[in-house]
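# Examination of the molecular architecture
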Amino acid sequence: MKIGILALQGAVREHRDLLHRLGVATVDVQSRQDLYEISGLILPGGESTTVGKLLVRYGLLKPIAEAGRAGLPIFGTCTGLILLSRHISNSSQFRLGLMDTYVERNAFGRQLASFEADMPIPVLGSKPYHTIFIRAPYIKQAEKNVTELLTHEGKIFFAQQGNLLAAAFHPELTSDTRVHEYFLRIVATAQTSQ
Ligand code: GLN
């Protein structure tokens, strides 16, 4: 099993290193061909308007959207969460638009542009998870088919819709591998149900 990491811009190396620590092989995804050999795809944090434009330039926007609709598990962190969302406040930027979510970008004031907090995430077990937010977006609303995995003060920070997983925070920047392991379980389940 290989996991693809979209490698156009952003925190690619951190996701790659974390998956290698878990013994999982990775592919840097930069072309359509790279998609054929992967069982799951990670969209790292970065800058979502830039990554959206690069997805178009590299001919990847439609192929990834089609693969996601066909069941490829996709995990978006931060910028990835924005790209997965169908609705983005006040923006017509390029997106995959696969999740029935409404996203606010750069939603926290300047002094809160980056912050960290221990949050309870029941699907990861009873130990709180150390979340790191960097100019983070959040999901302000989601359709009924979206499961909220972490909601704090009305803001959804971690959500799942079938094989699609989205986090507003940066699990690749911690040594706690539970979020990636959760995604790998989605990938394993998708493979056995094929
Ligand atoms: N603010 C960025 C954006 O809008 C996301 C920040 C991140 O990925 N760390 O794309």
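Residues numbered from 1 in each chain as written. Predicted model: local features only at pLDDT ≥ 70, side-chain atom pairs only at ≥ 80, totals over all residues. Heavy atoms only, no water.

The next point concerns the overall build of the chain. The helix and strand tally for the chain stands at 5 helices and 12 strands. Taken over C-alpha atoms, the radius of gyration comes to 15 Å for the chain, in line with the 16 Å a tight globule of 194 residues would show. In terms of overall dimensions, the chain has C-alpha extents of about 40 × 40 × 30 Å along its principal axes. Counting all 194 residues of the chain, 54% fall into the buried class. (Helix = DSSP H or I, 4+ residues; strand = E, 2+ residues; numbered from the N terminus. Rg over C-alpha atoms; globule rule 2.2 N^0.38 Å. Buried < 20%, exposed > 50% of the residue type's maximum accessible area, 1.4 Å probe, protein only.)

Glancing now at the pairing of strand 1 (residues 2-6). Across the 5 residues of strand 1, 4 count as buried, placing the element largely inside the fold. Two strands pair when backbone bridges link them, and strand 1 and strand 2 (residues 25-29) are joined in this way by 5 bridges, in the parallel orientation. Of the residues in strand 2, the one forming a bridge with Ile3 is Thr26. Note on the crossover from strand 1 through helix 1 (residues 12-21) to strand 2: the handedness is right-handed. One ladder, built from 3 bridges, connects strand 1 with strand 3 (residues 40-43); its direction is parallel. Following the sheet pairing, Ile3 is matched in strand 3 by Gly40. (Pairing = 2+ DSSP bridges. Right-handed = clockwise from strand over helix to strand, strands pointing away.)

Our focus in this paragraph is the environment of Phe94. With respect to the helices and strands, Phe94 occurs in the loop between strand 5 (85-88) and strand 6 (99-104). Considered as a pair, Phe94 and Leu55 are 39 residues apart in the sequence and their alpha carbons are 8.4 Å apart. Those residues in contact with Phe94 that sit more than four places away from it in its chain are Gly52, Lys53, Val56, Leu61 and Leu83. (Contact = heavy atoms within 4.5 Å.)

In this section: the site of the ligand. Every residue close to the ligand is listed here: Gly45, Gly46, Glu47, Ser48, Cys78, Thr79, Ile82, Arg105, Asn106, Ile134, Arg135 and His170. Residue Ser48 places a main-chain N or O atom 2.5 Å away from an oxygen atom belonging to the ligand. Within the side chain of His170, one N or O atom sits 3.0 Å away from a nitrogen atom of the ligand. Protein chains bury 93% of the 300 Å² of accessible surface belonging to the ligand in isolation. Its residues assigned to classes, the shell around the ligand shows 3 nonpolar, 6 polar and 3 charged. (Near = heavy atom within 4 Å. Polar contact = N/O pair within 3.5 Å; in protein donor to acceptor, adjacent residues only side chain to side chain. Areas by Shrake-Rupley, 256 points an atom, 1.4 Å probe, with all protein chains shown as cover. Nonpolar A, V, L, I, M, F, W, Y, C, P; charged D, E, K, R; others polar.)

Here we come to the side chain of His170. As for its position among the elements, His170 is in the loop between strand 12 (164-167) and helix 5 (178-192). The residues contacting His170, other than those within four sequence positions of it, are Gly45, Cys78, Ile132 and Ile134.

Moving on, we get to the nonpolar core. Counting residues in hydrophobic clusters, the biggest one holds 62 residues, and the most contacted among them are Phe158 and Phe169. Ranked by residues supplied to this core, first place goes to helix 5 with 6 residues. With residues up to four places along the chain from it excluded, the contact list for Phe169 reads Thr77, Cys78, Ile121, Tyr129, Thr131, Ile132, Phe133, Leu150, Phe157, Phe158 and Val179. (Core = buried A, V, L, I, M, F, W, Y, C linked by side-chain atoms within 4.5 Å.)

Turning to the environment of Arg69, a few remarks are in order. Turning to its location among the elements, Arg69 is positioned in helix 3 (residues 61-69). We classify Arg69 as exposed; its relative accessible area is 59%. Separated by 81 residues in the primary sequence, Arg69 and Leu150 place their C-alpha atoms 24 Å from one another.

As a further point, take helix 1. Within an α-helix, residues lying three or four positions from one another point in the same direction, as the helix has 3.6 residues per turn. For helix 1, the set of buried residues is Val12, His15, Leu18 and Leu19. Buried residues of helix 1 fall within an arc of 140° about the axis and therefore sit on the same side. Seen from the open side of helix 1, the exposed residues pointing more than 90 degrees away from its buried face are Arg13 and Arg21. One or two positions beyond helix 1, positive phi appears at Gly23, with a value near 80°. (Arc of directions from axis to C-beta.)

Our focus in this paragraph is unusual backbone geometry. Here Asn90, not a glycine, exhibits a phi torsion of approximately 55°, which is positive. One can find Asn90 in the loop between strand 5 and strand 6. Phi angles above zero are rare outside glycine, and Arg135 is one such case at about 40°. Along the polypeptide, Arg135 turns up in the loop between strand 8 (129-134) and strand 9 (138-142).

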